[in-house]
Structures are given as structure tokens and as C-alpha cells.
Amino acid sequence: MSEAVVILIFVHKPDLAWYERISLEQCYRVLGNHPIRLVCPEGLDLAAYRTIVPEIRADFIPRYWLESLRAYNRLKIHSWLYRRYAKFDYMLTYELDAFVFRDELLQWCDQEWDY
């Protein structure tokens, strides 16, 4: 049985800018009823993220996927990523320069749109 949606937050650095901290807090405040995963390179120190969200769940991936913008863009279209989260019907990629105001995620999933 699949779950409806997972929120993936891709990070590649141990520190956050002030606006990224606000975005992360808001993501958990508004979308915290859904599974949220921090997707990061193996070995990344997550202390800064855990001071904001102590219960944050991290999925570590090989470093090369997040070493450059080109590699990251390739990851986002690679079947490996989608197989890894195959138990979910949908994925939301949440960037830390975004700010979510309300949880309408399941309503959008019900539209059955796919990108």
C-alpha cells in the first residue's frame, strides 16, 4: 500500500542562511502532518538543522548527487530517486528559499497532476 505524499528537502551544506532557517521552520509548522525527509550527502553534519527541527529525518545519499547544480538536476530526473520513494504516490520537492502558507498538499495530489 502506498502513502500519498512525501516532502523532500535537498540540502548540501552544514549551515543555513537566515531565510533558510525560517523556511525550514515554516515547512514543519505547516506541512508537518506529512512525512518530511531531509535528503543530504553522506556524512553531512546536520546539527544546524536539528537545532531547528530536533525530530528531523534524514536520508543520506551518495555525495556526488549534490556536488553541483548539474548533478542535482540529473538526480531530480533519475529513476533511482523515484524508486527510492516508490511507496509514495507523490513527492514534493521543497526548496529552502520557499515559504508555504497553508497545507493544501493532499488537495493538489487529488488533482492527479504529475510533473
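Heads up: the structure comes first, above all this text.
Residues numbered from 1 in each chain as written. Predicted model: local features only at pLDDT ≥ 70, side-chain atom pairs only at ≥ 80, totals over all residues. Heavy atoms only, no water.

Participant: Hey, could you run me through the overall build of the protein in this one?
Facilitator: Assigned secondary structure in the protein consists of five helices and four strands. By the compact-globule yardstick of 13 Å for 115 residues, the protein fits well, its C-alpha radius of gyration being 14 Å. Taken along its principal axes, the extent of the C-alpha atoms in the protein is 35 × 30 × 25 Å. Per-residue burial over the protein gives 39% buried out of 115 residues. Taking the contacts inside the protein whose residues are at least 6 apart along the sequence as the reference set, 66% of them involve residues at least 24 apart. On the protein, roughly 7,500 Å² of surface is accessible, and the fraction owed to carbon and sulfur atoms is 52%. (Helix = DSSP H or I, 4+ residues; strand = E, 2+ residues; numbered from the N terminus. Rg over C-alpha atoms; globule rule 2.2 N^0.38 Å. Buried < 20%, exposed > 50% of the residue type's maximum accessible area, 1.4 Å probe, protein only. Contact = heavy atoms within 4.5 Å. Areas by Shrake-Rupley, 256 points an atom, 1.4 Å probe, with all protein chains shown as cover.)

Participant: What exactly am I supposed to notice about the sheet that holds strand β1 (residues 3-10) here?
Facilitator: Read from one edge to the other, the open sheet built from four strands follows the order β3-β2-β1-β4, with strand pairing classed as parallel. Taken across any chain shown, the strands that pair with only one partner, and hence form the sheet edges, are β3 (58-61) and β4 (88-93). Across the sheet, the mean angle from the axis of one strand to that of its neighbour is 30 degrees, orientation sign disregarded. Where β1 meets β4, five bridges bridge the pair, whose relative direction is parallel. Within the sheet, the bridge partner assigned to Ile 7 lies in β4 and is Leu 92. Helix α1 (residues 18-31) rests against β1, β2 (36-41) and β4 of the sheet, and its axis sits at about 170 degrees to β1. (Pairing = 2+ DSSP bridges. Axes fitted to C-alpha atoms, helices over the stretch in contact; angles between N-to-C directions.)

Participant: Is there a simple way to explain the environment of Cys 40 in this structure?
Facilitator: Tracing the chain through its elements places Cys 40 in strand β2. Distance in space between the C-alpha atoms of Cys 40 and Tyr 28 is 17 Å, their sequence separation being 12 residues. For Cys 40, the residues in contact, after removing those within four places along its chain, are Val 11, Leu 46, Ala 58, Asp 59, Phe 60, Ile 61 and Leu 66.

Participant: Explain the side chain of Glu 20 to me, please; I cannot follow it from the model alone.
Facilitator: Structurally, Glu 20 is set in helix α1. Residues contacting Glu 20, with those up to four places away along its chain left out, are Lys 13, Asp 15 and Leu 96.

Participant: Looking at this structure, how should I read a nonpolar patch on the surface?
Facilitator: A cluster of nonpolar side chains, Trp 18, Tyr 19, Ile 22, Phe 99 and Phe 101, forms an exposed patch at the surface whose accessible area comes to about 600 Å². Within the element layout of this structure, Phe 99 appears in the loop between β4 and α5 (105-109). A relative accessible area of 38% means that Phe 99 is categorised as partly exposed. (Patch = residues over 30% accessible without salt bridge, like charges linked within 9 Å, V, L, I, M, F, W, Y side chains within 5 Å. Salt bridge = Lys/Arg side-chain N within 4 Å of Asp/Glu carboxyl O.)

Participant: Would you mind showing me how to read the layout of surface pockets here?
Facilitator: Rolling a probe over the atoms, with the probe sized like a water molecule, indicates the empty space that remains. When its volume is computed, the second largest pocket comes out at roughly 300 Å³. Looking at the second largest pocket, it is lined by 15 residues, and the ones nearest its centre are Phe 10, Val 11, His 12, Glu 20 and Glu 95. Secondary-structure elements contributing two or more residues to the lining of the second largest pocket are α1 and α3 (69-75). The residue inventory of the lining of the second largest pocket, partitioned by class, reads nine nonpolar, two polar and four charged. (1 Å grid on protein atoms, 1.4 Å probe; cavity = no way out; pocket = protein on both sides within 12 Å on 5 of 7 lines; lining within 4 Å. Points joined across faces, edges and corners; volume = space filled by probe spheres on them. Nonpolar A, V, L, I, M, F, W, Y, C, P; charged D, E, K, R; others polar.)

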